[in-house]
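Notes for the structure review
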Amino acid sequence: MTYDRLVCANCAAPVAEGRCPVCRANRERLTPQNGLSPAMLLTLAIALLAAIALLAAVRTV
Ligand SMILES: [Zn+2]
């Protein structure tokens, strides 16, 4: 996270504190949404494929 070091241009307080509507808007924009990011989904898909491949390899031995 880098937004916790940002200072708001509107109220001159750290954006992470969300003291004004501009802060809160920026914080919401910069904070990852509660869904998974594409990169995270890709990582999960690769991990799942690796697990399946490992399981298949173990079964064939
Ligand atoms: Zn502000």
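What counts and how
- Residues numbered from 1 in each chain as written.
- Predicted model: local features only at pLDDT ≥ 70, side-chain atom pairs only at ≥ 80, totals over all residues.
- Heavy atoms only, no water.
- Helix = DSSP H or I, 4+ residues; strand = E, 2+ residues; numbered from the N terminus.
- Buried < 20%, exposed > 50% of the residue type's maximum accessible area, 1.4 Å probe, protein only.
- Contact = heavy atoms within 4.5 Å.
- Areas by Shrake-Rupley, 256 points an atom, 1.4 Å probe, with all protein chains shown as cover.
- Donors = N, O, S within 2.8 Å, 3.2 Å for Na, K, Ca; no water.
- Tetrahedral: all angles 85-135°; square planar, octahedral: opposite > 155°, others 65-115°.

**Considering the overall build of the protein chain**
Secondary structure summary: the protein chain contains two helices and zero strands in total. Looking at the protein chain as a whole, 11% of its 61 residues are labelled buried. Taking the contacts inside the protein chain whose residues are at least 6 apart along the sequence as the reference set, 14% of them involve residues at least 24 apart. If you sum the accessible surface of the protein chain, you get close to 5,100 Å²; carbon and sulfur atoms cover 65% of it.

**Overview of the coordination of the zinc ion**
Here the zinc ion is held by Cys8 (SG), Cys11 (SG), Cys20 (SG) and Cys23 (SG), and the distances to it run 2.2 to 2.3 Å. Geometry at the zinc ion is tetrahedral, judged from its four donor atoms and the angles of 98 to 117° they form at the metal. When the donors of the zinc ion are listed by position in the chain, the intervening gaps give C-x2-C-x8-C-x2-C. You can see Cys11 sitting in the segment before helix H1 (21-30) and its partner Cys23 sitting in helix H1, a full twelve residues away along the chain. Residue Cys11 is classed as partly exposed on the basis of its relative accessible area of 30%. A residue is classified by how much of its surface remains accessible, and Cys23, at 0% relative accessible area, is buried.

**Thoughts on unusual backbone geometry**
Within the chain, Ala12 stands out as a residue other than glycine whose phi angle is a positive 60°. Secondary-structure assignment places Ala12 in the segment before H1.

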